[in-house]
Each structure stands twice: as structure tokens, then as C-alpha cells.
Amino acid sequence: MNPEDGTGHVQDSPQIAVEVESPAVAFYNEVKTDIEHAFVEDDPRKWGNARKTAILMIVSAGSMIAGLAVSIQNPANAQIQSDLRASTSEISWTLSVFILVQGVPGLMWSAISEIKGRKFVYVSSVALFVVASAIVAVSKSIGLVIGMRGLQAAGSSALMSIAAATLADIYEPHERGIKMGVYYSAPLLGPALAPILGGVLTQGLGWRSVFWFIAICAGVVLLALVFLFKDTFRKERSLTYQNILQMRAKEWEVQHSSKSSQTVLAFPVTEKPAQPAPEKMASPQCTGNLDVEANAPAVASVSSMKDINLSLADVNPFPPLLKILTRSNNLAILFASGLIFAFSYSIPYTCSRTLSEYYDYDALQVGLVLLSYGTGCICGSILGGRCSDRTLTRLKQENGGTSFAEMRLASTQHVMWFLPPAVIGYAWVCEKRVHVAAICIMLFFSGFFAIWVYASTLAYIVDANPGRSSTVVATNSAFRCAFAFVATEVAIPIQVAIGDGGLYTIWGGIMIIMEVLTLTVLYNGKKWREACEEKDKRKAEQP
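Residues numbered from 1 in each chain as written. Predicted model: local features only at pLDDT ≥ 70, side-chain atom pairs only at ≥ 80, totals over all residues. Heavy atoms only, no water.

Enquirer: Looking at this structure, I do not really get the overall build of the protein chain. What am I missing?
Expert: What the protein chain contains, in helices and strands, is 19 helices and four strands. Counting over 543 residues, the protein chain shows a buried share of 55%. Of the contacts made within the protein chain by residues no fewer than 6 positions apart, 87% connect residues no fewer than 24 positions apart. A total of about 22800 Å² of accessible surface is found on the protein chain, and carbon and sulfur atoms cover 63% of it. (Helix = DSSP H or I, 4+ residues; strand = E, 2+ residues; numbered from the N terminus. Buried < 20%, exposed > 50% of the residue type's maximum accessible area, 1.4 Å probe, protein only. Contact = heavy atoms within 4.5 Å. Areas by Shrake-Rupley, 256 points an atom, 1.4 Å probe, with all protein chains shown as cover.)

Structure follows, in C-alpha cells:
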């Protein structure tokens, strides 16, 4: 065998005929590498901190506006009802439709982002949001308001569903906890500021000014996306793209395998062809890391078919969605995430009613009280994300330099002791109508502990599904919005029936269920993931 010739073979060995430039040759000649660190041109993870921070700020600002749009109209509801002659149920639908719709289109946006990239999706969705907001501002009927609130939600869903995937594009797993925490504090800041801004605008300029304000803010984000945002998506790191690439290659090989007139290369069945040059392998800094960043599925990129064109038919979101939902660790965390998000929507919604009815607070005063909850959420998101990263780094060192996604969930254990008591404490300070300072304190700690846990679960679900970050975050968005929709629909009837004490004592129990689900994934998730990956591997090897 000639060592200089990658096509050399052992004499008298059985031969396999393979076409020159066929995808089969590319499959044999490519080194399989983890998808998190597949070699890409202009690697987003190697960009400077200034560019990464700008991207983080842009998607965070957009997410804050999306969060703001959910409830900024609440102080204006009385004016809207009077001006448009709407019923109470119709006003309720303007909120419920927004929450429900916001979670659904994320899967569509995720699929489109796998074809056109993140920037195209962001620009398209935010433009839709701006137009819908302007139409609400000039609406003359409640029906049009409800319809456009639905379009607003559809436009905002991309920022809520694939922004975390954008952060996964530019940050390594050990950096994601704190970055996810910073990002997620933005949409939490929106609902915290919404009652204040909505109250000031409504009292000063009328209800239509609320939606003009939202449209203008979103327009600024749109300009930033057009002129300052650089696309972070790289198809080489998309498991969806790689799967389609391999499928196309196999189809091409089957169609041409019967042709014998083309030049062939001979390989002995007992040997592998020569490996490609080192520069075509994964980046040097990544090849030696035995951690969660290297535990991603192995993929082979087919260089001879690198630039295939995909369509929506290729990027069907439902097969990867099904794969996500059939994994026990994903399902448990999705339910836990949904329960936290439902609680996060329920508490400010019912607190507004309690403060208005029993403390005789106006919209601005209610907003100032709820600011304590938003502040707690922001602190919990940032500190929880930082603790998540540090826990992952510490456990990786203790484990001999090897890490896995579930390690970061260990950072939630110590705060789990305090979340249910904080929720139940809030329940009974409201029920007994104690001084509002006690309500502010319990709101702060309820938000702080709840979002501390959520920051780690969001980072975990991205780490546990490498190559599917946009799909899994969109799925998470769908779950949390569905849970939030149910929570807001049943919150007031239950509050009326059994009071704040009963309602949030129940929520305290639900938070215990959430904690059990999270701990179950912490201790069993790795085993479940590895079993699913082995099953998928065996299925892929079948002819």
C-alpha cells in the first residue's frame, strides 16, 4: 500500500467500487465530529465580545418588547371597553389570544430559520409585529383589536422562541447559563414595567398611545436587526440540515450505483480510506475537550453536496418535534418549565386584581408594587444563570474534565427549599390583607426563586439537544405559552372562589411537583438521553 495514496489497497483484497465525486466517497472521507464544534467559516463563537454583546442586547431588547406587549394594555382595558363598546369577555380575549398564539408560530419560525437563517426570521417577524401594533392603535372595533393582537403575538414569537438558539450559536455551553439569564431577564422586565408604562400612557395620552409606543419601540429593534445584526446560523451545526444532507447523499448514491461506465476508485473492505487533512476537522481548541460540548451527536458533513437548497418540505418541524417529545428528559423539563411560566403569568395577573379591589390602588400604584416581582425575576435570572455556569464548571473538574448537560441542574437544588414557602407566604399575606410592604417582599422572593430554577432549565434543554436548539426552544415556548394560557383563564375564577390563600397554596404544591420533575431529570436524565441516543444510532445503522 502506498502511504501517499489515499486510494491504495492491499493486493488480493475484495474491492468495493465507488463513484468518483459521489456522496459515498464524501461519507468515507469525512471525519465525524460533534455537531457543536463542526468546522464552519466565520465561526460565530470566535467573534469578538463586542459583537456578541451587541447580538445579546438586540435579541434581549426585542424579547423585552415582546414581554411588554403581553400586558401593557391592562391599564387601558377600561378605556378600550368604553371606546369600542366591548364586553368584559372580549377584553379578556385580547390578552388570552396573545398568550396562546405567541407559543404556536415558534415552530414555524424555527423551521424557516433552518432554511433562511436567523436574521431573515427576525426581520420578517418583527416587521409583522410593528404593522400589527400600528393597526391595533387605529382600530375602530374590538374584533379587529383581537385579530391584530393575534398577529402581534405571531410576530413576537420568533424573538421568544429562537433567541435562545441564537445565543447557542455564539456561546459555548459553559458560557450559556449566565447569557441565558441575562437574555431571559429582558422579557421578564417587560411585564414588570408594563403596568407602569401602560398606566402613564393611558392617563396622559389615551389607550391608543400604548400601541403606538409598542410599534415605535419595535421599529427601533427592527432597524437594529437590519443594520447591526449579523446572522449567527451555520448549517454545518444544524442537525436538521446534516440529516437532510445525508439523506440526499444516500438517495444520490442509490440512483447512480448501477452505473458502471464512470471511473471508479477501489477500496479494500478491510480498510478505511485516507482521512482528510487536519484543517478540515473540528477546530483545534475543541477536539480535546471531553465535556458536554463534545457529547453532541456525531455528524458527517458531505463536502461535495455542501450547498444544497432546502425548502419547507425538507425542514418539516414535526419529525424533530416528535423526537424531542419522545425523550423523557425533555418532556419532564418542558412540563417543569411550563409550570414555572404559568405561575409567572398568574401571580401578577391576580395581584393586580387584589391590589385594585382590596387596597384601592390605581394602575400606576399597582405597577410600582409589581415592579418588586419583576426585580426579583431579573435578579433570579441573572444570578441563577451565573450559578448554573459555575456549577457546571465545578462538577466538570470534579469529574475528571468530563461534563454532561444534567450537571447544570444541580445549581437549582438549594433554592428549591425556599420556593414553595415563598409562594405560600405570598398567598397568606394577600389573604390576610397585611401591609403592602409584605406583599412586595413575598413577590420579590417568589419571582427570584422561580426564575432561578427556570434559567437553568432553559440552558439545560439547549445543551441536551445539540443541533436542535431552535426547534427545542420553540417547543419550550409552545409549552410555556399553553400553560400560561390555561393559568390566566382559570386564575380569576379560582381566586374568586377560594381567595388568594387557597389559590397560591395550590400553586405552592404545584411548584413542588415542578421541583420533583427537575430533580428527576438531574438524577436520571443522562441515563435516559444515552438510551435514546443508542436507540437512534441502532436505527440509523439499519439498512
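After that view of the structure, there is still more to cover.
Enquirer: What exactly am I supposed to notice about the pattern of salt bridges here?
Expert: If charged atoms from side chains of opposite charge come close, those side chains can pair. Taken as a whole, this structure holds ten salt bridges when the rule is applied. We note a salt bridge from aspartate 169 to arginine 118, for which the minimum N-O separation is 2.9 Å. You can see aspartate 169 sitting in helix α8 (residues 163–170) and its partner arginine 118 sitting in helix α6 (residues 118–137), a full 51 residues away along the chain. Each member of the pair, aspartate 169 together with arginine 118, is buried. What you see here is one network of salt bridges that share partners, running through Asp389, Arg408 and Asp463. (Salt bridge = Lys/Arg side-chain N within 4 Å of Asp/Glu carboxyl O.)

Enquirer: Hey, could you run me through the layout of surface pockets in this one?
Expert: By rolling a water-sized probe across the atoms, one finds the places where empty space is left. The computed volume of the second largest pocket comes to approximately 910 Å³. Looking at the second largest pocket, it is lined by 37 residues, and the ones nearest its centre are Asn74, Asn77, Leu95, Tyr349 and Ser352. For the lining of the second largest pocket, the elements supplying multiple residues, two or more each, are α2 (49–71), α3 (77–83), α4 (88–103), α9 (173–205), α14 (328–358) and α15 (363–398). At eight residues, the largest contribution of residues to the lining of the second largest pocket is made by α14. Among the residues making up the lining of the second largest pocket, the classes are represented as 23 nonpolar, 13 polar and one charged. (1 Å grid on protein atoms, 1.4 Å probe; cavity = no way out; pocket = protein on both sides within 12 Å on 5 of 7 lines; lining within 4 Å. Points joined across faces, edges and corners; volume = space filled by probe spheres on them. Nonpolar A, V, L, I, M, F, W, Y, C, P; charged D, E, K, R; others polar.)

Enquirer: Before we go on, may I ask you to explain helix α18 (residues 436–463) in this structure?
Expert: The α-helix winds at 3.6 residues per turn, so residues separated by three or four positions along the chain end up facing the same way. The terminal C-alpha atoms of α18 lie 41 Å apart, and with 28 residues this matches the ideal 40 Å at 1.5 Å per residue to within 8%. Most of α18 is tucked away, with 22 of its 28 residues classed as buried. (Expected span 1.5 Å × (residues − 1).)

Enquirer: Where do I start with the environment of alanine 132 in this structure?
Expert: One can find alanine 132 in helix α6. Between the C-alpha atoms of alanine 132 and methionine 148, which are 16 residues apart in sequence, the distance is 5.3 Å.

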